[in-house]
Amino acid sequence: LWHYGLDPADRRQLGDNLDAAYARYGGAVGMWRHLHGVTVPQAVVAVAVRIGFLHADLGQTLLRVLEVDPADAIDAVEAAVNSGGLVLVETPREAHWERKSIEVNWVKFSSRWDLLWALARASKGGGSVDAFTLRERNEGDPKFVTKRKCRLVNTVGFPLTLADCVVSAGSGTYRIDVPRDRVRVFERGVGDEVREWTP
């Protein structure tokens, strides 16, 4: 994993020393959890796929069928926040960026939350957001999504570094320019359990 499954930035984040990182984080699974903020079962599957022990399709199937304990899900949110990147929680609405909470009243600015939520999910899946994605048709205003994006990134409390990552993906279309594994989306499932959404 160290030599073939991690890029130089990952190794730097782990201290650029294999022996020290292995001891500090308790092995490959612990190192992966530190980098990506996932649960132990998710890390086991991800490492197995990364080193070629499991085929990627089988890994995705395993991740979909894994039962996650609600306490593990709460731990997963905390670990995701601590690993950096963009983390969204559906209910109650929470957004985190680079290990800090984004202090915006998402209930008051509901349409801005809807856009951020759609951007995160689309970007996690390798896509982008346009007016059709938002299920809104403002045919009289071709700049509808652009205006909404401007309101979002200029909201008081919205981080400038995250605003810079909301980039154009075509006319009236946007995405978040952050690696997919650095975008984490947690939604409410059956029985009000928090579950991580995966594309």
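Whatever comes next refers back to the structure up there.
If you're wondering where the values come from, they're calculated on a predicted model, not measured in any experiment. (Residues numbered from 1 in each chain as written. Predicted model: local features only at pLDDT ≥ 70, side-chain atom pairs only at ≥ 80, totals over all residues. Heavy atoms only, no water.)

### A word on the packing of helix H7 (residues 110-124) against helix H8 (residues 144-153)
Here is step 1 of the chain: Contact geometry for H7 and H8: axes closest at 9 Å, N-to-C directions at 100 degrees. Compared by their axis directions, H7 and H8 come out roughly perpendicular. Residues Ser 111, Arg 112, Leu 115, Leu 116 and Leu 119 of H7 form the contact with H8, whose participating residues are Arg 148, Lys 149, Arg 151 and Leu 152.
Here is step 2 of the chain: Considering only residue class, the contact of H7 with H8 consists of 4 nonpolar, 1 polar and 4 charged. (Axes fitted to C-alpha atoms, helices over the stretch in contact; angles between N-to-C directions. Helix = DSSP H or I, 4+ residues; strand = E, 2+ residues; numbered from the N terminus. Parallel < 35°, antiparallel > 145°, perpendicular 65-115°, else oblique. Contact = heavy atoms within 4.5 Å. Nonpolar A, V, L, I, M, F, W, Y, C, P; charged D, E, K, R; others polar.)

### A few points about H7
Here is step 1 of the chain: Between its terminal C-alpha atoms H7 stretches 21 Å, which fits the 21 Å expected from 15 residues at 1.5 Å a residue.
Here is step 2 of the chain: Within H7, 11 of the 15 residues are buried, which leaves the element mostly enclosed by the surrounding structure.
Here is step 3 of the chain: For H7, the set of buried residues is Arg 112, Trp 113, Leu 115, Leu 116, Trp 117, Ala 118, Leu 119, Ala 120, Ala 122, Ser 123 and Lys 124.
Here is step 4 of the chain: Phi turns positive, to about 80 degrees, at Gly 126, one or two residues after H7. (Expected span 1.5 Å × (residues − 1). Buried < 20%, exposed > 50% of the residue type's maximum accessible area, 1.4 Å probe, protein only.)

### Describing the packing of aromatic side chains
Here is step 1 of the chain: A complete count under the given rule lists 2 aromatic pairs for this structure.
Here is step 2 of the chain: Ring-pair connections join several aromatic residues into one group, and the members of that group are Trp 106, Trp 113 and Trp 117. (Phe/Tyr/Trp six-rings, centres within 6.5 Å; stacked < 30°, edge-to-face > 60°.)

### Some words on unusual backbone geometry
Here is step 1 of the chain: At the junction of Thr 91 and Pro 92, the peptide bond is cis and its omega measures out at -10 degrees in the coordinates.
Here is step 2 of the chain: Within the secondary structure layout, Pro 92 lies in the loop between strand E1 (86-89) and strand E2 (94-97).
Here is step 3 of the chain: A positive phi is found at Glu 98, a non-glycine position, where the angle reads about 50 degrees.
Here is step 4 of the chain: Relative to the helices and strands, Glu 98 is located in the loop between E2 and strand E3 (100-101).
Here is step 5 of the chain: By relative accessible area, which is 42% here, Glu 98 ends up partly exposed.
Here is step 6 of the chain: Of note in this structure, Arg 99 is not a glycine but carries a positive phi near 70 degrees.

### Structural notes on the packing of helix H2 (residues 18-25) against helix H3 (residues 28-36)
Here is step 1 of the chain: In contact at an axis separation of 8 Å, H2 and H3 are set at 85 degrees when each is read in the N-to-C sense. Compared by their axis directions, H2 and H3 come out roughly perpendicular. Note on element contacts: H3 touches H2 through Ala 28, Gly 30, Met 31 and His 34, opposite Leu 18, Ala 21, Tyr 22 and Tyr 25.
Here is step 2 of the chain: In terms of residue class, the contact of H2 with H3 is built from 6 nonpolar, 2 polar and no charged.

Geometric values such as these leave the question of function open.
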